[in-house]
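Examination of the molecular architecture
The primary structure of each chain is shown beneath.
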Amino acid sequence: QAASGSAHTKERRPHVNASLERPPNVVDQRQFTFILNREIHKATRLQYPLSVLSLSPDLPRRKATPDFIRRLVMLAGSLIRSTDLATSYDASSVALLLVDAGTQNLGRILARLKGGMELIPGLTLSAGGGCYPQTATSGEEAVQQAVELMARARAEGGNRLCLPI
């Protein structure tokens, strides 16, 4: 059974300084990949979906500095459930692992995240998602789908979510 979008974000809004503290569910990319693969095995055994949501701020690359992306990861980590993960996927994007969330939940989850990110005035995000087992056969494929669809969202003008069909 897929969880509702509201279950994937906390009700409270973080304080501006919350983005400076590292939430426990913010991990490096190596840990993200390890945990994603472990969760894929659990999801297969227990039959629940996992989604990867890739986010990129709609800013010129020179303004999306590594420090800005780090703060965005920290903020995203403070807005998602403790069972979900956030990481800096590369120098310009954020990846989220959302446990027990199917593609049908990603629009609501993204809307809730963006609402919590209003601490950054004028921020818009391009996003892409992939879901195991709905649209991907592995964690690696879910990440690849999310990244490719995030790039498509950006190419189509940004401030949108692209999902696999």
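Residues numbered from 1 in each chain as written. Predicted model: local features only at pLDDT ≥ 70, side-chain atom pairs only at ≥ 80, totals over all residues. Heavy atoms only, no water.

Right, let's talk about the pairing of strand 2 (residues 85-90) for a bit. For strand 2 and strand 3 (residues 93-99), the ladder comprises five bridges, and the chain directions are antiparallel. Its bridge partner lying in strand 3, Ser88 is registered against Val94. Where strand 2 hands over to strand 3, the hairpin turn is made up of two residues, counted between the paired strands. (Pairing = 2+ DSSP bridges. Helix = DSSP H or I, 4+ residues; strand = E, 2+ residues; numbered from the N terminus.)

Most of strand 1 (residues 50-57) sits inside the fold, with eight of its eight residues counted as buried. Alignment of strand 1 against strand 4 (residues 125-132), held across eight bridges, turns out to be antiparallel. What sits directly across from Leu50, in strand 4, is Tyr132. (Buried < 20%, exposed > 50% of the residue type's maximum accessible area, 1.4 Å probe, protein only.)

All right, on to the nonpolar core then. The biggest cluster of nonpolar side chains holds 26 residues, and the ones touching the most others in it are Leu53, Leu96, Leu98 and Met117. The set of elements that each furnish at least two residues to this core consists of strand 1, helix 2 (66-79), strand 3, helix 3 (103-116) and strand 4. Take this core: its biggest share by element is eight residues, from helix 2. Not counting residues within four places of it along the chain, the set of residues in contact with Leu53 comprises Val94, Ala95, Leu96, Leu98, Leu106, Leu110, Leu113, Ala127, Gly128, Gly129 and Leu161. Of all hydrophobic cores here, the second largest spans 18 residues; its members include Leu36, Leu85, Val99 and Ala146. (Core = buried A, V, L, I, M, F, W, Y, C linked by side-chain atoms within 4.5 Å. Contact = heavy atoms within 4.5 Å.)

The subject of this paragraph is the environment of Ser88. Inspection of the secondary structure puts Ser88 in strand 2. On the basis of relative accessible area, Ser88 is assigned to the partly exposed category, the value being 30%. Between the C-alpha atoms of Ser88 and Val27, which are 61 residues apart in sequence, the distance is 8.3 Å. With sequence-adjacent residues up to four places away left out, Ser88 is seen in contact with Gln29, Ile69, Val73 and Ser93.

A few words now on the pattern of salt bridges. A full pass over the atoms with the stated rule returns six salt bridges. Residues Glu39 and Lys42 are paired through a salt bridge, measuring 3.4 Å at the closest nitrogen-oxygen approach. Taken together, the residues span about one helical turn, with Glu39 and Lys42 both in helix 1 (residues 29-46) at a distance of three residues. Judged by relative accessible area, which is 9%, Glu39 ranks as buried. Between Asp67 and Arg70 there is a salt bridge; the shortest N-O distance is 2.9 Å. Within this pair, Asp67 and its partner Arg70 are both found in helix 2, separated by three residues, close to a single helical turn. Given a relative accessible area of 35%, Arg70 falls into the partly exposed group. One network of salt bridges, in which partners are shared, links Asp67, Arg70 and Arg71. (Salt bridge = Lys/Arg side-chain N within 4 Å of Asp/Glu carboxyl O.)

The next subject is helix 4 (residues 139-155). If you check helix 4, its first and last C-alpha atoms are 24 Å apart, about what 17 residues at 1.5 Å a residue would give, namely 24 Å. Buried residues of helix 4: Gly139, Ala142, Val143, Gln145, Ala146, Leu149, Met150 and Ala153, and no others. Summarising the axial view, the buried residues of helix 4 lie within an arc of 160°, below the 170-degree limit, and thus occupy one face. In helix 4, the exposed positions angled more than 90 degrees off the buried face are occupied by Glu140 and Ala155. Buried positions along helix 4 lie against helix 1, strand 1, strand 2, strand 3, strand 4 and strand 5 (161-162). (Expected span 1.5 Å × (residues − 1). Arc of directions from axis to C-beta.)

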